[in-house]
Amino acid sequence: MCSSDLNAPINLAPRSTASLVPQAGETAPRLSDLQTGSLPAPTAPIDNYETGMSAFKNGQFELAETHLRAYLDAHPKERLSPEAIFFLGESYFRRARVRDAAEQYLKVSTDFPRAPRAPESLGRLGLALEKLGAKEQACAAFGEVQRKYPSAPSTVRQSAERELKRVQC
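Undergrad: Now, about the nonpolar core: what can you tell me, with residues and values included?
TA: Side chains that are nonpolar tend, in soluble globular proteins, to be buried together. Grouped together as the largest cluster of nonpolar side chains are 41 residues, with contacts concentrated most on Tyr-49, Leu-68, Phe-93 and Tyr-105. Considering every element that reaches this core, the biggest residue donor is helix H5 (residues 81–94), with 7 residues. Residue contacts for Leu-68: discarding those within four places in its chain leaves Asn-48, Tyr-49, Gly-52, Met-53, Ala-84, Phe-87 and Leu-88.

See the structure below:
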């Protein structure tokens with residue numbers, strides 16, 4: 001680059017996609033040519049879900065919450081929404097935000113009663129309610145797992161049964 005190039009005006013107009021496709025004899029543009037400075041590339045909502053789940057698995061609960069909420073803002077009623085809501089609740093629970101966790105578990109079990117996570121959410125709701133000192137409501141939630149989801153996975157049903165006895169319902 002010569003010194004006269006440094007004084008040339010900079011064209012900030014967006015490049016057409018046609019200019020990004022190399023013509024005969026040209027080389028393809030480099031990634032650095034396509035980047036727009038410090039602005040992050042837009043992320044698709046599914047990226048928020050995947051990043052949130054990955055963060056949750058790595059114990060990065062605040063990061064998980066941020067990404068799962070972003071996913072849910074964009075997709076409140078999609079196929080993965082009950083899963084995102086459940087793990088948002090799990091993240092809150094693990095950070096001792098029990099009331100927030102209870103709200104998420106309740107949302108799964110009421111808004112998505114046929115979702116695979118609904119029976120487990122109801123059991124987790126019972127645990128959260130019990131931690132909040134609402135023993136009667138906790139017992140009701142544990143009992144609902146058995147009544148509402150008789151074909152739930154045996155581990156979920158057994159857990160609810162065990163909690164009914166532990167809490168002395």
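So much for the structure itself; the text now carries on.
Undergrad: With reference to specific residues and values, describe the packing of aromatic side chains.
TA: Counted under the stated rule, the structure contains 6 aromatic pairs. Here the aromatic rings of Phe-86 and Phe-87 are separated by 5.1 Å at their centres, their planes lie at 85 degrees, and the arrangement is edge-to-face. Considered together, Phe-86 and Phe-87 belong to a single accessibility category, that of buried residues. Grouped by ring-pair contacts, the aromatic residues Phe-56, Phe-61, Phe-86, Phe-87, Phe-93 and Tyr-105 constitute a single cluster. Here Lys-77 stacks its cationic end above the ring of Phe-112, 5.2 Å away from the centre of that ring. The aromatic ring of Phe-93 is capped on one face by Arg-124, whose charged end is 4.6 Å from the ring centroid.

Undergrad: Lay out the state of the cysteines with the relevant residues and their values.
TA: As enumerated under the stated definition, the model contains 1 disulfide in all. The disulfide that involves Cys-139 links it to Cys-169, with 1.9 Å between the sulfurs. Taking the torsion about the S-S bond as the criterion, the Cys-139 to Cys-169 disulfide, at about -80 degrees, is left-handed. Of this pair, Cys-139 sits in helix H8 (residues 135–148) while Cys-169 sits in the segment after helix H9 (154–166); the two residues are 30 residues apart in sequence, bridging distant segments of the chain.

Undergrad: Account for unusual backbone geometry, naming residues and giving values.
TA: Phi angles above zero are rare outside glycine, and Ala-96 is one such case at about 65 degrees. As for its placement among the helices and strands, Ala-96 is situated in the loop between H5 and helix H6 (98–111). Of the residues examined, Ala-96 reaches a relative accessible area of 63% and is grouped as exposed. Unusually for a residue other than glycine, Gln-168 sits at a positive phi of about 60 degrees. You can see Gln-168 is positioned in the segment after H9.

Undergrad: Would you mind going over the packing of H8 against H9 in detail, with residue names and values included?
TA: Two numbers describe how H8 lies on H9: the axes approach to 9 Å, and their chain directions differ by 145 degrees. Crossing of H8 over H9 shows left-handed handedness. Every residue of H9 that contacts H8 at Cys-139, Phe-142, Gly-143, Val-145 and Gln-146 is listed here: Val-156, Arg-157, Ala-160, Glu-161, Glu-163 and Leu-164. In terms of residue class, the contact of H8 with H9 is built from 6 nonpolar, 2 polar and 3 charged.

The rules behind these values
Residues numbered from 1 in each chain as written. Predicted model: local features only at pLDDT ≥ 70, side-chain atom pairs only at ≥ 80, totals over all residues. Heavy atoms only, no water. Core = buried A, V, L, I, M, F, W, Y, C linked by side-chain atoms within 4.5 Å. Buried < 20%, exposed > 50% of the residue type's maximum accessible area, 1.4 Å probe, protein only. Helix = DSSP H or I, 4+ residues; strand = E, 2+ residues; numbered from the N terminus. Contact = heavy atoms within 4.5 Å. Phe/Tyr/Trp six-rings, centres within 6.5 Å; stacked < 30°, edge-to-face > 60°. Lys NZ or Arg CZ within 6 Å of the ring centre and 35° of its normal. Disulfide = S-S within 2.5 Å. Axes fitted to C-alpha atoms, helices over the stretch in contact; angles between N-to-C directions. Left-handed = near helix turned anticlockwise from the far one by under 90°. Nonpolar A, V, L, I, M, F, W, Y, C, P; charged D, E, K, R; others polar.

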